[in-house]
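# Descriptive analysis of the structure
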Amino acid sequence: MALLLAGLLILSSGCGKKEVETTEEKQTFITVGFSQLGAESDWRVANTESMRGSLTRQAGFDLIFDDAQQKQDKQIMAIRKFIQQEVDCILLAPVTETGWDTVLQEAKDAEIPVVIVDRMVDVEDTNLYTAWIGSDFSKEGEVACEWLNEFAIRNDIAPEELRIVDLQGTLGATAQIGRTSGLEKAAAKYGWTILDMVPADYTQAKGKEVMQRLLSEHEDINVVYAENDNEAIGAIEAIEESGRTAGTDIKNGEILVISFDAAKSGLTKVMEGKIALDVECNPLQGPEAGKIIKAVYNGNEFNKYTYVNENAFSCTDIVKSVSYKDGEYNITKLTQEIINRREY
Ligand code: GYE
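Okay, so let's go over this structure. (Residues numbered from 1 in each chain as written. Predicted model: local features only at pLDDT ≥ 70, side-chain atom pairs only at ≥ 80, totals over all residues. Heavy atoms only, no water.)

Quick look at the site of the ligand now. In the vicinity of the ligand lie 13 residues, with Glu-40, Asp-118, Arg-119, Asn-228 and Asp-261 positioned nearest. Residue Arg-44 places a side-chain N or O atom 3.1 Å away from an oxygen atom belonging to the ligand. Arg-119 is positioned such that a nitrogen or oxygen atom in its side chain is 2.8 Å from an oxygen atom of the ligand. Listing elements by their share of the shell around the ligand, those giving two or more residues are helix H1 (42-54) and helix H5 (174-190). Looking at the shell around the ligand residue by residue, the classes come out as five nonpolar, two polar and six charged. (Near = heavy atom within 4 Å. Polar contact = N/O pair within 3.5 Å; in protein donor to acceptor, adjacent residues only side chain to side chain. Helix = DSSP H or I, 4+ residues; strand = E, 2+ residues; numbered from the N terminus. Nonpolar A, V, L, I, M, F, W, Y, C, P; charged D, E, K, R; others polar.)

Written as structure tokens, this is what we have:
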């Protein structure tokens, strides 16, 4: 708990007489140690900003932020430091799922609640964390693939003619596991050809580098399944530099790009027709994190698992909705107005 002593000086003017009145006011803040995994993507930057913008002093929080530069050992070090600092709550956006049992047990022993955001942790005892807020990554993968299946049917493209490369996210991250498995399952179900699956760390630079290599190794690629916008943007650069075009006319040699996140940078490529489908992943988890931390702190009720709302955007209206395991999913035809309203 952090205490702030605020002194207020009221000075009255006139005749050299100075009246000083001091009021002392005690304010209590909930101290939150936030271990953010890195700053690899537009999504991540927006996620950090959302936390910073919600967990403010004005809202009653004292936020200690740590960027782990994509390294799990740095996250573990940060958590240990937060425990030493006796924070009221630890907020963790974990880089990968496994390897958290020991340090989360240490937090539990110190009676510090841990709220997980974005990706998940895979721990033996789910009581090692108090709550989780994030996305349904398997659903995102499934929606993307159902869209691709519908797209192929409506354009008269045989399943085996889809020759796909997967630019994966950071291996072992929940977002990667869900999106990759969505593709693997759909490829097995429909008979698509997966030419290659290569991790590209969710960054634009790696997305480009990996795509350059894949283009030189496989001349018949016609679908890129990029597991985030930054990888997709890098891949499009590589496609264009190789003299090919990103688009939806795969019968005439274009390469169809599917992406995830739907950040402004990705949506701009959708608008240009270079990303065919962008499945939204909502990084604005700050307000919900704030609510849950307050509820935990005050002993009020809260949901252990919270999924954020998400949509999907396409440059074509050939496929407006797809069915997935839990029902029907609407795909929005992107407009400039939607992009303009995008905060990140
Ligand atoms: O899609 C990607 C980021 O875990 C949901 O991580 C997140 C993913 C997001 O780097 O852009």
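Right, let's get into helix H2 (residues 72-84). Here H2 contains 13 residues, and its C-alpha end-to-end distance of 19 Å stays within 8% of the 18 Å for a straight helix at 1.5 Å per residue. Regarding H2, the residues found buried are Gln-75, Ile-76, Ala-78, Ile-79, Phe-82 and Ile-83. Seen along its axis, H2 keeps its buried residues to an arc of 160°; they face one direction. In H2, the exposed positions that point more than 90 degrees away from the buried face belong to Met-77, Lys-81 and Gln-84. A positive phi of about 55° marks Glu-86, the residue just after H2. (Expected span 1.5 Å × (residues − 1). Buried < 20%, exposed > 50% of the residue type's maximum accessible area, 1.4 Å probe, protein only. Arc of directions from axis to C-beta.)

The alternating pattern of strand E5 (residues 114-117) places Val-114 and Ile-116 and Val-115 and Val-117 on opposite faces, both of which are buried. As paired elements, strand E4 (residues 89-92) and E5 share three bridges and run parallel to each other. Bridge assignment links Leu-92 to a residue of E5, and that residue is Ile-116. Of the crossover connections in this fold, the one passing from E4 over helix H3 (residues 101-109) to the parallel E5 is right-handed. In terms of strand pairing, E5 meets strand E6 (residues 131-134) through three bridges, oriented parallel. Across the sheet, Val-115 pairs through a bridge with Ala-131, a residue of E6. (Pairing = 2+ DSSP bridges. Right-handed = clockwise from strand over helix to strand, strands pointing away.)

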